[in-house]
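# Structural description and commentary
Read off the chains here:
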Amino acid sequence: MTTLTCSAPAKLNLFLHVVGRRPDGYHLLQTVFRLLDFSDELSFTLRDDGKIKLSAETMGVPADQNLCVRAAKCLQAMSGSGPGVDISLDKKIPMGGGLGGGSSDAATTLVALNRLWNLNLDRETLLELGLQLGADVPVFIFGQNAFAEGVGEKLSALELPAAWYLVIIPPVHVSTAEIFSSKELTRNTIPIKIPPFSIWQGHNDLEPVVCRLYPEVAVRLEWLKQLKNTTIAAMSGSGACVFAEFATEREACAAYASLPDDMTGFVARGLDCHPMYTALKKNGE
Ligand SMILES: C[C@](O)(CO)[C@H](O)COP(=O)(O)OP(=O)(O)OC[C@H]1O[C@@H](n2ccc(N)nc2=O)[C@H](O)[C@@H]1O
Ligand SMILES: Nc1ncnc2c1ncn2[C@@H]1O[C@H](COP(=O)(O)OP(=O)(O)OP(=O)(O)O)[C@@H](O)[C@H]1O
């Protein structure tokens, strides 16, 4: 095997509670991650000269700062392994949108290169490596919908009902660090116990902070909240993307069709399992 092609799906945070803060400033969270059938596509081809190359720059991110390249370098350094790789990345997930695209690219890179380079590192080691790259990386390595605690690294698999999502992409970029450092952020939501999980029990503590700073987000969320047939309308992660959940594709598509001209978005199915693991299983790996 010299080439592997794999997907890197987006995620939604169905709710996001800030329940405390660690001494290093990182926030303790409770969240439910839902994987989405909306993905970046990556392909990895072995090189024998030890070099790690990205075929094209991703919208303003220098290659050496791209999370795929950083993930590959991390894995190479830790394994002391010789081979290199050519990476091509077809970016579909909006960047800095709270959909975890960069983190998902990093997770897919770690799992794919573990196979391509025959490193045989176990899932625990990949999860630890992933966490060093970003708080959202572990869930994509975990590969299932999950209830997460800590900074996102304490993961328990969670079964979620079939659902479709209308995701709206506001025309703003929200800095995760800026929102977490806001004076207005409440950091004392009482921890909840899951399972059982009901979509009604959650909210996103970062949402009011982002909505106050970015009216473009607030307006889109208000629009989603007035829709009929939704089980929930909320912001994902630290924004800017907002979403509404529907029980059927037909309802999600009808809502999408009624989107005002100045709003853009997409409809996606909620997944049960990471598409990369589904594909690897199908190939008997
Ligand atoms: C908001 C979420 O998307 C929810 O899933 C994640 O917690 C954010 O994960 P991420 O984008 O991978 O974030 P990172 O790149 O690890 O962190 C960016 C910055 O946000 C702040 N940060 C992040 C996560 C966290 N639990 N507490 C924090 O205070 C830190 O200042 C950090 O330097
Ligand atoms: N492969 C990549 N894809 C997207 N962003 C990348 C990538 N590599 C590095 N980045 C940088 O990381 C930043 C955050 O990317 P990402 O798309 O994961 O944000 P996000 O969706 O807000 O993530 P999260 O939900 O984890 O906060 C981008 O603004 C970009 O500067």
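Residues numbered from 1 in each chain as written. Chains lettered and ligands numbered in written order. Predicted model: local features only at pLDDT ≥ 70, side-chain atom pairs only at ≥ 80, totals over all residues.

## Describing the site of ligand 2
In the neighbourhood of ligand 2, 20 residues make up the surrounding shell, with L67, G96, G102, D136 and G237 lying closest. For the shell around ligand 2, the secondary structure elements donating two or more residues are helix 1 (67-79) and helix 2 (101-116). In terms of residue count, helix 2 provides more of the shell around ligand 2 than any other element does, four residues in total. Considered class by class, the residues forming the shell around ligand 2 number five nonpolar, 13 polar and two charged. Of the domains in this structure, domain 1 (3-157) and domain 2 (164-269) are the two that each give at least three residues to the shell around ligand 2. (Near = placed C-beta within 6 Å. Helix = DSSP H or I, 4+ residues; strand = E, 2+ residues; numbered from the N terminus. Nonpolar A, V, L, I, M, F, W, Y, C, P; charged D, E, K, R; others polar. Domains from an automatic or database assignment.)

## As for the site of ligand 1
In the vicinity of ligand 1 lie 19 residues, with H27, G134, A135, F180 and G237 positioned nearest. Of all the secondary structure elements, the ones that give two or more residues to the shell around ligand 1 are strand 1 (3-21), strand 2 (27-47) and helix 5 (176-180). Of the residues assigned to the shell around ligand 1, the class counts are seven nonpolar, 11 polar and one charged. Residues lining the shell around ligand 1 come from more than one domain, with at least three contributed by each of domain 1 (3-157) and domain 2 (164-269).

## Quick notes on the sheet that holds strand 7 (residues 164-168)
Judged by pairing direction, the sheet is antiparallel, and its four strands sit side by side in the order 8-9-7-10 without closing on themselves. Each edge of the sheet is formed by a strand with only one pairing partner; in this case those strands are strand 8 (232-235) and strand 10 (265-269). Strand after strand, the sheet turns through a mean of 20° between neighbouring axes, direction not considered. Sheet analysis places strand 7 next to strand 10, joined by five bridges and oriented antiparallel. Counted as the bridge partner of Y165 is A268 from strand 10. Each of strand 7, strand 9 (242-246) and strand 10 touches helix 8 (residues 249-257); the most contacted strand, strand 7, lies at about 20° to it. (Pairing = 2+ DSSP bridges. Axes fitted to C-alpha atoms, helices over the stretch in contact; angles between N-to-C directions. Contact = placed C-beta atoms within 7 Å.)

## Observations regarding the confidence of the model for the protein chain
Averaged over every residue, the pLDDT of the protein chain is 94; residues scoring 70 or more account for 99%. For this predicted complex, the interface confidence comes out at an ipTM of 0.93, alongside a pTM of 0.95. (pLDDT = per-residue confidence, 0-100.)

## What about the nonpolar core?
In this structure, C68, A72, L110, Y165, V210, V242 and F243 are the most contacted members of the largest nonpolar core, which totals 74 residues. Here this core spans two domains, and each of domain 1 (3-157) and domain 2 (164-269) adds at least three residues to it. When neighbours within four sequence positions are excluded, V242 is seen to be in contact with I168, V217, R220, L221, L224, A234 and M235. (Core = buried A, V, L, I, M, F, W, Y, C linked by C-beta atoms within 7 Å. Buried ≥ 20, exposed ≤ 12 C-beta atoms within 10 Å, placed from the backbone.)

## A look at the UniProt feature "active site" (unreviewed entry) in the protein chain
UniProt records the feature "active site" (unreviewed entry) at K11 and D136, using the numbering of this structure. Spanning 126 residues, the named residues nonetheless gather at one spot, since no C-alpha pair among them exceeds 9.3 Å. Mapped onto the elements of the fold, K11 is located in strand 1. For K11, a count of 27 C-beta atoms within 10 Å gives the class buried. (UniProt positions renumbered as here; feature names shortened; annotations may be inferred.)

## Considerations on the pairing of strand 8
Summarising the sheet, strand 8 and strand 9 pair through four bridges and their orientation is antiparallel. Residue A233 lies in a different strand from strand 9, and its bridge partner there is A244. Hairpin geometry of strand 8 and strand 9 is characterised by an intervening segment of six residues between the two adjacent antiparallel strands and by a positive phi of about 55° at G237.

## Observations regarding the environment of L133
With respect to the helices and strands, L133 occurs in helix 3 (residues 123-133). Sequence spacing of L133 and A107 is 26 residues, and the spatial spacing of their C-alpha atoms is 9.2 Å. In contact with L133, other than residues within four places in its own chain, are L67, R70, A71, C74 and A106.

## Comments concerning helix 3
Looking at helix 3, one finds that the buried residues are L126, L129, G130 and L133. Relative to the axis of helix 3, the buried residues are bounded by an arc of 105° and lie together on one face. Facing away from the buried side of helix 3 by over 90 degrees, the exposed positions are E124 and Q132. Those residues of helix 3 that are buried lie in contact with helix 1, helix 2 and helix 4 (137-142). (Arc of directions from axis to C-beta.)

## What to know about the pairing of strand 5 (residues 146-149)
Looking along a regular strand, one sees the side chains alternate between the two faces of the sheet. Burial along strand 5 is one-sided: A146 and A148 are buried, while F147 and E149, pointing the other way, are not. Where strand 2 meets strand 5, three bridges bridge the pair, whose relative direction is antiparallel. Considered in strand 5, the bridge of T31 is made with A148. Two strands pair when backbone bridges link them, and strand 5 and strand 6 (residues 154-157) are joined in this way by four bridges, in the antiparallel orientation. In the sheet register, A146 faces strand 6, and the bridge partner there is A157. Hairpin connection between strand 5 and strand 6: a loop of four residues separates the two successive antiparallel strands, and G150 in this loop has a positive phi of roughly 70°.

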